[in-house]
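Summary of structural features
Below are the chains, spelled out letter by letter.
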Amino acid sequence: MAQEIEKKFLVARDDFRREATSRTRIVQGYLSSVPERTVRVRIKGDKGYLTIKGIGNASGASRFEWETEIPLADAEDLLQIAEPGIIDKFRYFVPTGDGHRFEVDEFLGDNEGLVVAEIELNDEDDTFEVPAWVGLEITGNPRYYNSMLMKHPYKKW
């Protein structure tokens, strides 16, 4: 089983844009949004993906994740039967000087105004360079999970 270990932060400034090496559009929906097992369908660029995630550990930084690429047409079809509330965002890829990479999500639609940075780690205790544009840590805060943002969008907070 694959284990995803990541830390999540609010973005305090838009300096990340200058440091980004690329950007892609992501549209995703959930076939199941229960915390014990979220099932997500995603279109990233011109590719489709199906992802299953388990519930996070006590810190919220680590959880089971399984993902596979699926045909784009299948992803488009599955989005049609997803739970209400589609997530639409731009993802920026921002390398750090220490070999890590932040993925910065700039949300659109009902979540416009929310910008979140995630960094994947090999271990919860890994150290990493924190750029000046990174703000408050929100790891483990369910309010910021994409599966929650589709139900309770940022614009309605």
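In what follows, the accompanying structure is described. (Residues numbered from 1 in each chain as written. Predicted model: local features only at pLDDT ≥ 70, side-chain atom pairs only at ≥ 80, totals over all residues. Heavy atoms only, no water.)

1. Details of the overall build of the chain
- Helices and strands together make up the secondary structure of the chain, namely three helices and nine strands.
- Here the chain has a C-alpha radius of gyration of 15 Å; the compact-globule value for 157 residues is 15 Å, and the two agree.
- Dimensions of the chain, computed from the C-alpha atoms along their principal axes, are close to 40 × 30 × 30 Å.
- Taken across its 157 residues, the chain has 46% of its residues classed as buried. (Helix = DSSP H or I, 4+ residues; strand = E, 2+ residues; numbered from the N terminus. Rg over C-alpha atoms; globule rule 2.2 N^0.38 Å. Buried < 20%, exposed > 50% of the residue type's maximum accessible area, 1.4 Å probe, protein only.)

2. Side note on the packing of aromatic side chains
- Tallying each qualifying case throughout the model produces eight aromatic pairs.
- Relative to Trp133, the ring of Phe102 has its centre 5.5 Å away and its plane inclined at 70 degrees; by these criteria the two rings are edge-to-face. Taken together, the residues span a long stretch of sequence, with Phe102 in strand 7 (residues 101-107) and Trp133 in the loop between strand 8 (115-120) and strand 9 (134-137) at a distance of 31 residues.
- Here the aromatic residues Phe9, Phe16, Tyr92, Phe102, Phe128 and Trp133 are joined through ring pairs into a cluster of three or more.
- The positively charged end of Arg143 is found above the aromatic ring belonging to Trp157, 3.8 Å away from the centroid. (Phe/Tyr/Trp six-rings, centres within 6.5 Å; stacked < 30°, edge-to-face > 60°. Lys NZ or Arg CZ within 6 Å of the ring centre and 35° of its normal.)

3. A look at the environment of Lys155
- For Lys155, the location among the structural elements is in the segment after helix 3 (146-149).
- Spatially, the C-alpha atom of Lys155 lies 7.8 Å from that of Gly113, the residues being 42 residues apart in sequence.
- Every residue in contact with Lys155, bar those within four places of it in the chain, is listed here: Gly109, Asp110 and Glu112. (Contact = heavy atoms within 4.5 Å.)

4. Section: the pattern of salt bridges
- Tallying each qualifying case throughout the model produces 14 salt bridges.
- The partner of Glu4 in a salt bridge is Lys53, and the shortest N-O contact between them spans 3.4 Å. Here the residue Glu4 occupies a position in strand 1 (residues 3-11), and Lys53 occupies one in strand 4 (residues 47-54), the gap between them amounting to 49 residues.
- The class for Glu4 is buried, based on a relative accessible area of 5%. (Salt bridge = Lys/Arg side-chain N within 4 Å of Asp/Glu carboxyl O.)

5. Focus: the environment of Phe9
- As for its placement among the helices and strands, Phe9 is situated in strand 1.
- Measuring from C-alpha to C-alpha, the distance between Phe9 and Arg25 comes to 20 Å, with 16 residues separating the pair along the chain.

6. Description of the pairing of strand 1
- Most of strand 1 sits out of view: eight of its nine residues are buried.
- In this sheet, strand 5 (residues 62-70) lies alongside strand 1 in antiparallel orientation, the contact comprising three bridges. Each bridged residue has a counterpart across the sheet, and for Gln3 the counterpart in strand 5 is Phe64.
- With five bridges connecting them, strand 1 and strand 8 associate as antiparallel partners. Along strand 8, the bridge assignment pairs Leu10 with Val116.
- Summarising the sheet, strand 1 and strand 9 pair through two bridges and their orientation is antiparallel. (Pairing = 2+ DSSP bridges.)

Just distances and angles here, no functional claims.
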